[in-house]
Amino acid sequence: MMHIVKQQHGRKEGARKLITISLCMIVKNEEDVLARCLDSVQHLVDEIVIVDTGSTDRTKEIARSYTARVIDFPWSDDFSAARNFSFSHATMDYIFWLDADDILPAEEQTKFLTLKRTLSSDIDSVTMIYSLAQDEYGKTISSVRRNRLVKRSNGFRWHGMVHEYLEVWGTILNSDITIIHQPNRCASDRNLQIYEKQLAQGKEFSPRDLFYFANELFDHQQYERAIQYYEQFLQTKKGWVEDCIAACGKLADCFYALGDEEQAFRYVYQSFEYDTPRAECCCRLGYYFLQRKQYRLAAFWYHLATQLTMPSDSWGFVHHACWTWLPHLQLCVCYFYMGEYELAYQHNEKAKQYVPHHPAVLHNECLLQSILAAESTFHQTDES
């Protein structure tokens, strides 16, 4: 399913023809995953451009088995510079970009091929869903939307040394094609070190830099410093709405980890000032009240999370559990402690529809079935 979300006025629909696509990648020491990535897309693109930023393993050898266009680029702690360099070597109508630890699964390859056969030349950019993490059954648990296929003639540029973004404009098509991110190694402190170096050099951080630097600090459990930069980011009042909401959630997590519940509550509530409540924030409040054994308040917020509709075209980070099974599972817990076992069972069954093999769901089912059976036997005996 695809639809145009932004349309320039005054354009006439271009003639439909089969577009050509350049795949552009930047890589370094990716011998373990590069072939897996290229195998999933090589038949879908017309050109492969691989920019190597200093590999010392077999990465370039593997790359050359797929394309003759393997180009060296000295690494300068600047991801945008490397990506812009890779884009500059593309020659086809559109540019498609991936990282070496990304995969396009078979069903998504079919969608991609359909897109390639039907895409109008009026389209300036196509967004795709980026599945950042998956559960043991392959279901996406965290995702975000990215501009992935862009018209080369527009000369779109990357910005930002770390957590770079591609600035686009014009007619943008939101597709349901999903790219899977499957890293085979733990996250390093590379990005954090780049930010620290910029900070030491006196570089002025943009609002986006402040947000992503805070994220890096949070991921490395440097909660006090993360709080400092999240708050600086919010104080600029120039952040994108989804980032402001996310920053409030992260601030709440930081303060909660530091034992300051009052501030944690404050920032979750502040997230509601930017837009309608997100399920992630409702689940945070539900969790806080659940830990306080205020079960009815916890149930209120978890129930609200179940009533929200996940934005289909959201550009923010989405934690799918909060929009699907998690609030039902927690409502099961709330109602259990309130002695409302039938309601607890109903919500456990709703959670089971999403995660049928989850250990907590199976445990709850067994426990509640035994309690409800005992209650039924008791009532039957009492009536007789």
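Residues numbered from 1 in each chain as written. Predicted model: local features only at pLDDT ≥ 70, side-chain atom pairs only at ≥ 80, totals over all residues. Heavy atoms only, no water.

Colleague: Please clarify how the packing of aromatic side chains should be interpreted in this entry.
Modeller: For any pair of aromatic rings, the description consists of the separation of the ring centres together with the inter-plane angle of the planes. As enumerated under the stated definition, the model contains 28 aromatic pairs in all. With a centroid separation of 5.4 Å and an interplanar angle of 80°, the aromatic rings of F336 and Y337 are classed as edge-to-face. A network of ring pairs unites the aromatic residues Y256, F265, Y269, F272, Y287, Y288, F289, F300 and W301 as a single cluster. Directly above the ring of W158 sits R83, whose terminal nitrogen or CZ lies 5.2 Å from the centroid. (Phe/Tyr/Trp six-rings, centres within 6.5 Å; stacked < 30°, edge-to-face > 60°. Lys NZ or Arg CZ within 6 Å of the ring centre and 35° of its normal.)

Colleague: Please explain the UniProt feature "domain: Glycosyltransferase 2-like" (unreviewed entry) in the protein as it appears in this structure.
Modeller: Feature annotation in UniProt assigns "domain: Glycosyltransferase 2-like" (unreviewed entry) to the following positions: residues 22-118. With 38% helix and 22% strand, the stretch residues 22-118 has end C-alpha atoms that lie 17 Å from each other. (UniProt positions renumbered as here; feature names shortened; annotations may be inferred. Helix = DSSP H or I, 4+ residues; strand = E, 2+ residues; numbered from the N terminus.)

Colleague: Is there a simple way to think about the nonpolar core in this case?
Modeller: Nonpolar side chains tend toward joint burial in soluble globular proteins. Grouped together as the largest cluster of nonpolar side chains are 75 residues, with contacts concentrated most on F87, L166, Y230 and L234. What F87 contacts, discounting residues up to four positions off in sequence, is C24, I95, W97, V150, F156, W158 and L166. In terms of nonpolar packing, the next biggest core, distinct from the first, is built from 34 residues, V33, I62, V126 and Y130 among them. (Core = buried A, V, L, I, M, F, W, Y, C linked by side-chain atoms within 4.5 Å. Buried < 20%, exposed > 50% of the residue type's maximum accessible area, 1.4 Å probe, protein only. Contact = heavy atoms within 4.5 Å.)

Colleague: How should I be thinking about the environment of E196 in this particular structure?
Modeller: Here E196 shows up in helix α5 (residues 190-200). Sequence separation between E196 and F213 is 17 residues; the distance between their C-alpha atoms is 8.6 Å. Residues in contact with E196, not counting those within four places in the same chain, are F213, L217 and R225.

Colleague: Sorry if this is basic, but what is going on with the side chain of T178 here?
Modeller: Relative to the elements of secondary structure, T178 occurs in strand β11 (residues 172-181). Excluding residues that lie within four positions of it along the chain, T178 makes contacts with L104, P105, E108, I129 and S131.

Colleague: How do you make sense of helix α4 (residues 106-118) when you look at a structure like this?
Modeller: Since there are 3.6 residues in each turn of an α-helix, residues three or four apart along the chain are aligned in direction. A rise of 1.5 Å per residue sets the reference length of α4, with its 13 residues, at 18 Å; its end C-alpha atoms lie 19 Å apart and thus fit the reference within 8%. Within the span of α4, buried status applies to E108, Q109, F112, L115 and K116. Viewed end-on, α4 has its buried residues packed into an arc of 120°, placing them on one side of the element. Away from its buried face by more than 90 degrees, α4 exposes A106, E107, T110 and R117. Buried positions along α4 lie against β2 (21-27), α1 (34-41), β5 (94-97), β7 (125-134), β8 (140-151) and β11. (Expected span 1.5 Å × (residues − 1). Arc of directions from axis to C-beta.)

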